[in-house]
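Overview (structure and organization)
Here is how the chains run, residue by residue.
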Amino acid sequence: MLNKVREYIEKHRLLESGRRYLVALSGGADSVCLLLVLKQLGYQVEAVHCNFLLRGDESHRDEAFARRLCEQQDIPFHAIHFDTRTYASLHKISIEMAARELRYQYFEQLRKDIDAEAICVAHHQDDSVETILLNLLRGTGIHGLSGIKPRNGHILRPLLCVSRADIEKWLKEQQQDYVTDSTNLHDDVLRNKLRLNIIPLLSSTFPSAAESILKTAKNIGEATTIYDHYTQEALGRLVDGDSIAINALLQEPSPESILFEWLSTFHFPPATIENICESMESAISGREWQSPTHQLTICRGRLIVEPLQAPRPTLRIPEAGTYIYDETAKIRIAKQDGSHIIKSKDAACLDAEHVRFPLTLRPVAPGDRFTPFGMKGSKLVSDYLTDLHLSVFEKRRTLVLCDADGQILWLAGHRPDARFCVTPATPSTLVVNIIVT
């Protein structure tokens, strides 16, 4: 056991002597083994225990056991209690997800507080097999089939080189007891069903099932290195700001893989990415998709992605002055004697005598029509913006400034209405500026 773990740590350069490490100690066999193995290997360790208050007396029993073990081993011990059910309810997530978030948030904060190098957790080979099968059943990408990684940021997994059977055998040789979480004995969640029912059935039919799965995961991990190199190189060539040209993407050997790697960073789920990929052949402008954080559209042969935006407000402006529109912009209106012209897309000069307050600054609405300066006749604002080749997202962000009668004075950032523009005979000018904050 000690030799296996030592070699694994050295191979993956996980720990260094002289540095301090936290060990997540639940009291179960895996975490007890991890704590004692790292101590026997000479690493400076401190234990951290999370009591999620979910299993009544059993939760307190586990904490007492972990504390007593650390006292016997002369290992510093940290413990925290969480109101996990309340946290899950407030954040509208499952109990399991709540416990995970609370645990890792606390681990990271404690790591910083005591200046520890990293947090060691006790995932082993059996956990990796379960994760691979879970990801396979859920329809994962290539990375999900390569198993649990030995390092993820400040989270280290030194026991991935051993199995649960290895751990139990070693603890028996050490005459070291541990506690058992009774919830792990019930097949009421998917991972437990795999552990208690499906994997034993696989192993009874294919005795080397676990070893074969791990070997395949290792091979996939090697292939992933090539895959990552290709997709990152392709993204470097194809991504232009917030968009990708569809025709260029379709020329790649695997457009869907590149699309998956690009859009998964914006939290688009695999099923949505598959739908987007299927829609690229027709490339119908205006189609839209959303993730929890971003939105994507097809516009003139490009895929364009940007963060979700809250609906823009309507601002009533009673008189000249400076007003905050939203967190992104404010508007300033000043009256000046004489005729003035400012050549800036963020400014408009209007004939003050023809403008009736109060004014309104609002998003473009369906049916809006104005007479663009320099053009003959009126035009739908939507058609004008389409002629500018704006995406649907850019159109939604566009604002119009209207007078008391609802007439458009200025298509902000583009053109004023010809009916309200200054002339050489204008006695006073309203100078309007949109200021991005």
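This text follows the structure it describes.
Residues numbered from 1 in each chain as written. Predicted model: local features only at pLDDT ≥ 70, side-chain atom pairs only at ≥ 80, totals over all residues. Heavy atoms only, no water.

1. Here's the deal with the sheet that holds strand β15 (residues 347–351)
How we decide: By the convention used here, strands pair only if DSSP detects at least 2 bridges between them. Starting at the N terminus, helices and strands are each numbered in turn, a helix being any DSSP run of H or I of at least four residues and a strand any DSSP run of E of at least two. Axis lines are fitted through C-alpha atoms, for helices just across the contact stretch, and the angle between N-to-C directions can take any value from 0 to 180 degrees.
The 4 strands are arranged β13-β14-β22-β15 in an open sheet whose pairing can be described as antiparallel. On the outer flanks of this sheet lie β13 (321–326) and β15, each paired with one strand and no other. On average, each strand axis in the sheet is tilted by 20° relative to the strand beside it, whichever way the strands run. Here β13 runs beside strand β14 (residues 329–337); their pairing, made up of 5 bridges, is antiparallel. Looking across to β14, one finds that Gly 321 is bridged to Ile 333.

2. Considering the environment of Glu 222
Rules: Buried, partly exposed and exposed residues are distinguished by accessible area as a fraction of the type maximum, computed with a 1.4 Å probe on protein chains only: under 20%, between the cut-offs, and over 50%, respectively.
Residue position: Glu 222 is located in helix α9 (residues 209–238). Given the relative accessible area of 52%, Glu 222 is considered exposed.

3. Observations regarding the sheet that holds strand β5 (residues 151–152)
Strand pairing in a sheet takes place through backbone hydrogen bonds and is either antiparallel or parallel in direction. We apply this condition: The criterion used for residue contact is that any of the two residues' heavy atoms lie within 4.5 Å.
The sheet built from 6 strands is open, its strands ordered β3-β2-β1-β4-β6-β5 with mixed pairing. Two strands bound the open sheet, and with one partner strand each, they are β3 (77–81) and β5. Bridge analysis of strand β2 (residues 44–51) against β3 gives 5 bridges, and the strand direction is parallel. Looking at β3, one finds that Ala 47 is bridged to Phe 77. Against the sheet, helix α2 (residues 29–40) contacts β1 (20–24), β2 and β4 (118–120), and its axis sits at roughly 160° relative to β1. In this fold helix α5 (residues 95–113) packs onto β1, β2, β3, β4 and β6 (155–156), with an angle of close to 145° to the strand it touches most, β2.

4. A short note on the packing of aromatic side chains
We count it as follows: In this analysis, rings of Phe, Tyr and Trp, with Trp reduced to its six-membered ring, are considered paired at centre separations within 6.5 Å, and the interplanar angle assigns stacked below 30 degrees, edge-to-face beyond 60, and tilted for intermediate values.
Going through the model one piece at a time under the given rule, you end up with 6 aromatic pairs. Summarising the aromatic geometry, the rings of Trp 262 and Phe 266 are spaced 6.1 Å apart at their centres and angled 85° between planes, so their arrangement reads as edge-to-face. Using a relative accessible area of 6% as the deciding quantity, one classes Trp 262 as buried. Put simply, the rings of Phe 52, Phe 82 and Tyr 106 touch in pairs and so form one group of aromatic residues.

5. Brief notes about unusual backbone geometry
Residue Pro 358 is reached from Phe 357 by a cis peptide bond, and omega for that bond is 0°. With respect to the element layout, Pro 358 can be found in the loop between β15 and β16 (359–363). Unlike most non-glycine residues, Leu 53 shows phi in positive territory, near 55°. With respect to the element layout, Leu 53 can be found in the loop between β2 and α3 (57–73). The residue His 267 is not glycine, and still its phi comes out positive at about 70°. Mapped onto the secondary structure, His 267 falls in the loop between α11 (255–263) and α12 (270–279).

6. Some words on the packing of α2 against helix α7 (residues 164–173)
Where we set the bar: Should an angle fall under 35 degrees it is taken as roughly parallel, and over 145 as roughly antiparallel, whereas 65 to 115 is taken as roughly perpendicular and any remaining angle as oblique. What makes a crossing left-handed is the near helix being turned counterclockwise from the far one by less than a right angle; a clockwise turn instead makes it right-handed.
The N-to-C vectors of α2 and α7 enclose an angle of 65°; their axes lie 10 Å apart at closest approach. By the angle class used here, α2 and α7 are roughly perpendicular. Judged by the twist between their axes, the crossing of α2 over α7 is left-handed. Across the interface between the two elements, Ala 29, Asp 30, Val 32, Cys 33, Leu 36, Val 37 and Gln 40 from α2 touch Arg 164, Ile 167, Trp 170 and Leu 171 from α7.

7. Some thoughts on the nonpolar core
Quick reminder of the rule: Residues belong to a common nonpolar core when they are buried Ala, Val, Leu, Ile, Met, Phe, Trp, Tyr or Cys residues joined through side-chain atoms within 4.5 Å.
Within the largest apolar cluster, 39 residues are counted, with the highest numbers of intra-cluster contacts made by Ile 9, Leu 15, Leu 25, Leu 35, Leu 38, Cys 120 and Leu 159. Those elements that provide at least two residues to this core are α1 (2–12), β1, α2, β2, α3, β4 and α7. When residues of this core are assigned to their parent elements, the largest contribution, 8 residues, is made by α2. Here Leu 25 is in contact with Ser 31, Val 32, Leu 35, Ala 47, Val 48, His 49, Ala 66, Leu 69 and Cys 70, once residues within four sequence places are set aside.

8. As for the packing of α11 against α12
We apply this condition: Amino acids outside the nonpolar list (Ala, Val, Leu, Ile, Met, Phe, Trp, Tyr, Cys, Pro) and the charged list (Asp, Glu, Lys, Arg) are all regarded as polar, and Gly is one of them.
At a closest axis distance of 10 Å, the pairing of α11 and α12 adopts a crossing angle of 130°. The orientation of α11 with respect to α12, classified from their angle, is oblique. The way α11 lies across α12 gives a crossing that is right-handed. Contact residues: α11 offers Glu 256, Leu 259, Phe 260 and Leu 263, while α12 offers Pro 270, Ile 273, Glu 274, Ile 276 and Cys 277. When grouped by side-chain class, the residues that make up the contact of α11 with α12 number 7 nonpolar, no polar and 2 charged.

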